[in-house]
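# A look at the structure
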Amino acid sequence: MSECSALQFVSPYAFEAMQKVDVVRLAALSDPELRLLLPCLVRMALCAPADQSQSWAQDKKLILRLLSGVEAVNSIVALLSVDFHALEQDASKEQQLRHKLGGGSGESILVSQLQHGLTLEFEHSDSPRRLRLVLSELLAIMNKVSESNGEFFLKSSELFESPVYLEEAADVLCILQAELPSLLPIVDVAEALLHVKNGAWFLCLLVANVPDSFNEVCRGLIKNGERQDEESVGGRRRTEALRHLCKMNPSQALRVRGMVVEECHLPGLGVALTLDHTKNESSDDGVSDLVCFVSGLLLGTNAKVRTWFGTFIRNGQQRKRDNISSVLWQMRRQLLLELMGILPTVRSTHIVEEAEADTEPNVSVYSGLKEEHVVKASALLRLYCALMGIAGLKPTDEEAEQLLQLMTSRPPATPAGVRFVSLSFCMLLAFSTLVSTPEQEQLMVMWLSWMIKEEAYFESISGVSASFGEMLLLVAMYFHSNQLSAIIDLVCSTLGMKIVIKPSSLSRMKTIFTQEIFTEQVVTAHAVRVPVTGSLSANITGFLPIHCIYQLLKSRSFTKHKVSIKDWIYRQLCETTTPLHPQLLPLIDVYINSILTPASKSNPEATNQPVTEQEILNVFQGLSGGESARSTQRFSITTQLLVLYYVLSYEEALLASTKILAAMQRKPKSYSSALMDQIPIKFLIRQAQGLQQELGGLHSALLRLLATNYPHLCIVDDWICEEQITGTDALLRRMLLTNMAKNHSPKQLQEAFSMLPGNHTQLMQILEHLTLLSAGELIPYAEVLTSNMNLLLEAGVPRGILQAVNKLWMVLNTVMPRRLWVMTVNALQPSAKLVRQQKYTQNDLMIDPLIVLRCDQRVHRSPPLMDIILHMLNGYLLASKAYLNAHLKETAEQDMRPSQNNPMGPEAPEVTREELKNALLAAQDSAAVQILLEICLPTEEEKGQSSRAQGLLRGVQSSPSPQGAEEEEEEEEEEEQSLLCNLREVQCLICCLLHQMYIADPNIVKLVHFQGYPCELLALTVAGIPSMHICLDFIPELIAQPELEKQIFAIQLLSYLCIQYALPKSLSVARLAINVMGTLLTVLTQSKRYTFFMPTLPCLVSFCQAFPPLYEDIMSLLIQIGQVCASDVATQTRDFDPIITRLQQLKEKPHDFSGFCKDSSSKSCSRDSASLDPDVQLCQCVESTIIEIINMSVSGI
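An unreviewed UniProt entry lists the chain under the name Integrator complex subunit 2, from Junco hyemalis. Under Sequence similarities (unreviewed entry), UniProt gives the following word-for-word description of the chain: "Belongs to the Integrator subunit 2 family." Quoted verbatim from the Subcellular location (unreviewed entry) field of the UniProt record, the comment on the chain reads "Nucleus".

And the structure:
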């Protein structure tokens, strides 16, 4: 809108005076400035005010005095005297007519019969007609705008173009809008004015006379504006109009800019307003508003805004309108001026070459950046990166030259200077096209050499751990390993923006780095000399030495050039703290891989050295003494956990790659079992559990390694026990902890144990106090506690002491299980072995877990100690499995050798080592189960005590005895019952363990029951082991075995299972068993028949009890058995017929014999007891079975 340049606009001073109605300031205005504001001032003076205060009355008088000397006031007063109501009605009618006849109709109700042009008519007309002329013209433009569908047009109008009548037309326009606001909304009027010549001037006058509408008008114009304003004439006119408005009201310019960004319209206006604001603000050394604004658009989180502004930059370049009228050109020019304003002044490569020999290392003849300019320079670099990388700006030669000069400048050694160098380096990598001439390339190489030389100085002076030296090293390593995508990610991460970098554009930089600056050998040698990062944690961000070492390990540079990196890694692991740095675990993994796997097949010895055992032990020094020794620890818990992770991962990786290493004829050394025994693994894992948030993924990684290689340290019961130990109850108990409890020493505990036979009070008191201590505080007492366990087996030791010892043992088991188990097993050996001083080691117990059960026999009847034994047995069975698996992998090379001496012949199938291992584990587990089942059997002494107790009870019931005798019997019964109670408790503990073993491996159930065990235990195992229902799956197979003993055992087992689990499956198996019994009846000889049916006939009662539908089949089977027996003795005696007759009667009329019951059976048994004939005895057993079934069914009814 250059046509408005000759017109006078409302000044910011005048607009502010109007906004605040400052009469004093209005009075100071010149006549031309005051003339522009007359419409509003006249209306204020003439219209009745809402403010009736005295101060406004005085201000009104001043306004009237101000207006009294202005001639144009009379014409405005005349305009205000018109009947606006009638005018509004006519205008409404005209609008309706135009809608009816179409926008191009010449008919007009407001203005009729124009004899001359619009300008002459306006000149000759009175005030009402002038109002009508302007209103008619304005409505016509507004209608055309509404019908244009967003297409811009420029309306030629004499009324708004004639310079003679501009002021009068402006007066009429302001009065019309003020008096007819509903007909002429100010936003619509503003939109219409953009389509006429001098529209911006009219718009500013209109808003100046209605100052409250400024924000409304601006928002409306922006909302209706184009997304790209410099693309069209309309957009440029709109931008120019809004710029004039903001010049009139500069305090709202930034708010209008915010509307532009919010609507994503008119980007040129946003830049133009920023440029205007930048020119007005005082120049300082800080980052300018233009840099902040454009950076915010391109680097903000709003992708829509970023795309919108990027399109503005790209379109601006395509138009090639690099003249002053282009907003984009003005922006680039301003940015270039700011960049040049902070550039160092002395830049001569010749001076550098001449002065190199004389200058000190830390003094540069280059004129470096001033410290106050460093932050601004960094902001400018990031902005140019965003403009070129995100918005696609193509720099001119001048811009490229100045940018390169800035990037290769040398900042002071401050944190901001380190940041500037890092940004400059990444920008060189991202936009290598900035370096186009050999001179520029030489400048860049010299600058990179300066970076390498000054890196240590910068780090020491600035105090920044992550400096640009590590970044240089990392990029060099990436170039050597051709990991260009990693370099691109590094550049984007440092610059803080995602930009597209073609890998091909890095080819020249790669050549410079790999051949001129950093050869691979230089990189490797330099990396080892880089000091480790002190107190490395996740709080230290940026690129650190650990990143460089990780990449060099990954690319196998150390092994290629025979550089030892073991000491550096060990020192870095020792310099760690929480929160854990995320690069530590990948570093350990890649280091382990470099130890085990050679860099190339041609050179199998090209590997790194592992950490020595002594170095590992040094890290864990002071842990074995418990929490009291923590003050002497040299290393943090993070270091200890990382070294533990290293050891476990190394062992796992070594086992996993045994075959590959054997094929390469390499056998790296494994860490000794003695070392593993000295590492308090469980204690460290427990510490890690409380630091999970700070350790990242280390805790879960350690748990995975533990579950794989040390399953005996991951028993579920232990985790549950730990929850109880560390829960609320434990916290409450610790609140009761007194100083006396803390002062008990291991020596005092030993003295209390030595007094045990006579005095157990002191021991009980100390043990109770010890239960209040934490697991770590109990570690010093572990040896005394375990070594005196054999004393607890003596008679008369109170149950409370046993339970307290059990409780303390379980607490210690959460922090030192492996050492505790070995000490406990050795302490509970039989007295004969203790005399021989036979001490078992951890390795012995893993090879043969059954050693645990070869303890003193008295332990088998001490439930608290038996609980400990079972816990250790379960752990060592798991440990044995892991040990044998590891042994199999360690000796994997034997699998690769063909079997040369197969005893079965060369054609016989070879039994693999895996199968042998599985057979050994199955035999081991089944042996443990069989031993535990034997422990459940009562001893001969316990059986005798039980029978005497039953006899005493019967005697008490039949004949009362004197008082003294009764007391004596009660004491004996109590003693016997306590023994039985201990046995029952031990049986329950054993059943719980067997249930866990059966669930873990159901094959053990099958193996144990195919081996068989005393039938006296069937009632206990079926009732006490919930997983015994598994037996229903293989009982048909067990019955089908040829051995008679297994068939008998299967039927007896089935009888108990049917009672316990009356399921459809049990019914079908029971029916099968009855059929098998019927079949065997026909094929067995007399002796085998007696052997088979005597123990199995009572089982038929259980079948009937569980499944009444089997009654008919069972009764038929019993009659058949009786008939077969009768047929065998028919030739020997005739007295057998009454028995057969009785059996038939029992089957046909069972209810007639319900009173028969036990008396008749006992009589028959006593009558024929003298008979030793097997068939007679079997027949009597059949009779008693039938009677029992009848009694059972009658009592059930």
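### Some points on the overall build of the chain
Regarding its fold elements, the chain presents 66 helices and 0 strands. Long-range pairs, those at least 24 residues apart, make up 74% of the contacts in the chain with a sequence separation of at least 6. Here the chain displays about 55200 Å² of accessible surface, and carbon together with sulfur accounts for 53% of that area.

### Topic: the packing of helix α54 (residues 913-936) against helix α57 (residues 1002-1011)
Axis separation between α54 and α57 bottoms out at 10 Å; the angle between their running directions is 60°. Between α54 and α57, the angle falls in the class oblique. Classified by chirality, the crossing of α57 by α54 is right-handed. On α57, the residues touching Ala 922, Asp 925, Ser 926, Val 929, Gln 930 and Leu 933 of α54 are Ile 1004, Leu 1007, Val 1008 and Gln 1011. The residue makeup of the contact of α54 with α57, split by class, is 6 nonpolar, 3 polar and 1 charged.

### Focus on the confidence of the model for the chain
Across the chain, pLDDT averages 80, with 81% of residues at or above 70. The least confident element of the chain, judged by mean pLDDT, is helix α21 (residues 349-355) at 35; the most confident is helix α60 (residues 1044-1060) at 94. Low confidence marks residues 1153-1170, where pLDDT is under 50. Its contacts with residues over four positions away, or in another chain, come to 16 contacts.

### Brief notes about the packing of helix α17 (residues 267-280) against helix α18 (residues 289-299)
The interhelical angle for the contact between α17 and α18, taken along N-to-C directions, is 155°, at an axis separation of 9 Å. One element, α17, and the other, α18, form an angle in the roughly antiparallel class. Between α17 and α18, the residues in contact are Gly 270, Val 271, Thr 274, Leu 275, His 277 and Thr 278 and Asp 289, Leu 290 and Phe 293, respectively.

### Looking at the nonpolar core
Leu 245 and Tyr 646 are the most contacted members of the largest nonpolar core, which totals 238 residues. Looking at this core, the element that brings in the most residues is helix α22 (residues 374-389), giving 11 residues. Sequence-distant contacts of Tyr 646, that is, excluding residues within four places in its chain, are made with Ile 588, Tyr 591, Ile 592, Ile 595, Pro 610, Val 611, Ile 616 and Tyr 671. In terms of nonpolar packing, the next biggest core, distinct from the first, is built from 132 residues, Leu 820, Leu 828, Phe 1049 and Cys 1181 among them.

### Describing the environment of Pro 579
Structurally, the position occupied by Pro 579 is in the loop between α32 (566-574) and α33 (584-596). Given the relative accessible area of 24%, Pro 579 is considered partly exposed. Linking Pro 579 and Thr 638, residues 59 residues apart in sequence, is a C-alpha distance of 8.7 Å. Sequence-distant contacts of Pro 579, defined by excluding residues within four places in its chain, comprise Ser 537, Ala 538, Asn 539 and Glu 694.

### Description of unusual backbone geometry
The phi angle of most residues is negative, glycine excepted, and most peptide bonds adopt the trans form. Residue Thr 578 is joined to Pro 579 through a cis peptide bond whose omega torsion reads -5°. In this structure, Asn 198 is a non-glycine residue whose phi angle is positive, near 65°. Considering the arrangement of structural elements, one finds Asn 198 in the loop between α12 (186-193) and α13 (199-209). You will see that Cys 264, though not glycine, has its phi angle at about 55°, which is positive. Within the fold, Cys 264 resides in the loop between α16 (253-263) and α17. Under the relative-accessibility criterion, Cys 264 is labelled buried at 1%.

Definitions and cut-offs
Residues numbered from 1 in each chain as written. Predicted model: local features only at pLDDT ≥ 70, side-chain atom pairs only at ≥ 80, totals over all residues. Heavy atoms only, no water. UniProt positions renumbered as here; feature names shortened; annotations may be inferred. Helix = DSSP H or I, 4+ residues; strand = E, 2+ residues; numbered from the N terminus. Contact = heavy atoms within 4.5 Å. Areas by Shrake-Rupley, 256 points an atom, 1.4 Å probe, with all protein chains shown as cover. Axes fitted to C-alpha atoms, helices over the stretch in contact; angles between N-to-C directions. Parallel < 35°, antiparallel > 145°, perpendicular 65-115°, else oblique. Left-handed = near helix turned anticlockwise from the far one by under 90°. Nonpolar A, V, L, I, M, F, W, Y, C, P; charged D, E, K, R; others polar. pLDDT = per-residue confidence, 0-100. Core = buried A, V, L, I, M, F, W, Y, C linked by side-chain atoms within 4.5 Å. Buried < 20%, exposed > 50% of the residue type's maximum accessible area, 1.4 Å probe, protein only.

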